[in-house]
Amino acid sequence: KGSAQYDFLVSDMAAVDRSKTPWVIFSGHRPMYSSSQALHGPDSSTASYDLQDGPWWPEVEELLVKYQVDLCLWGHVHNAEQTCPLARGKCVAAAGPGGYDAPV
């Protein structure tokens, strides 16, 4: 929070008109979540936040959920991985049919 990049994300996501842009897709280099131990060190056996680059991932995730981003595409890890909708490290489900759950 408080950086020009964060302020840009807030401004850009807040300006989306869902009647014209029904899907919001976010992309980044290093994945927010990964089951790869290479991201978490050899002693880790669980997927978690990748905080090696700083503690800003939870703040970015908060924006993704707030602005109901539909899909996140990440790079860096050289394999394919698909997850359930995730928020705060846990799989989540929509409260009802057609509801928003979290980015996939």
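Check the entry above for the structure.
Novice: Help me out: how do you make sense of the nonpolar core in this one?
Specialist: Where a protein is soluble and globular, its nonpolar side chains tend to be buried together. With 15 residues, the main nonpolar core has Met-13, Phe-26, Met-32, Leu-63, Leu-64 and Val-69 as its most contacted residues. The leading source of residues in this core is helix α3 (residues 57–66), at 4 residues. The residues contacting Met-13, other than those within four sequence positions of it, are Phe-26, Leu-63, Leu-64, Tyr-67 and Val-69.

Novice: Would you mind showing me how to read the pattern of salt bridges here?
Specialist: Pairing between side chains becomes possible if they bear opposite charge and their charged atoms approach one another. All chains considered together, the criterion is met by 2 salt bridges. Two residues, Lys-1 and Glu-62, come together in a salt bridge whose shortest N-O distance is 3.8 Å. Of this pair, Lys-1 sits in the segment before α1 (4–14) while Glu-62 sits in helix α3; the two residues are 61 residues apart in sequence, bridging distant segments of the chain. Here Lys-1 falls in the exposed class, since its relative accessible area comes to 56%. Across the pair Arg-18 and Asp-70 runs a salt bridge, and its minimum N-O distance is 3.2 Å. Separated by 52 residues along the polypeptide, Arg-18 in the loop between α1 and β1 (25–28) and Asp-70 in the loop between α3 and β4 (71–74) bring together distant segments of the chain.

Novice: Quick question: what am I supposed to make of α1 here?
Specialist: Along an α-helix, a turn takes 3.6 residues, which lines up residues three or four apart on a common side. All of the buried residues in α1 are Tyr-6, Leu-9 and Met-13. In an axial view of α1, the angular spread of the buried residues amounts to 55°, which keeps them on one side of the axis. Turned more than 90 degrees off the buried face of α1, the exposed positions are Ala-4 and Phe-8. Along its buried surface, α1 packs onto β1 and α3.

Quick notes on the rules
- Residues numbered from 1 in each chain as written.
- Predicted model: local features only at pLDDT ≥ 70, side-chain atom pairs only at ≥ 80, totals over all residues.
- Heavy atoms only, no water.
- Core = buried A, V, L, I, M, F, W, Y, C linked by side-chain atoms within 4.5 Å.
- Buried < 20%, exposed > 50% of the residue type's maximum accessible area, 1.4 Å probe, protein only.
- Helix = DSSP H or I, 4+ residues; strand = E, 2+ residues; numbered from the N terminus.
- Contact = heavy atoms within 4.5 Å.
- Salt bridge = Lys/Arg side-chain N within 4 Å of Asp/Glu carboxyl O.
- Arc of directions from axis to C-beta.

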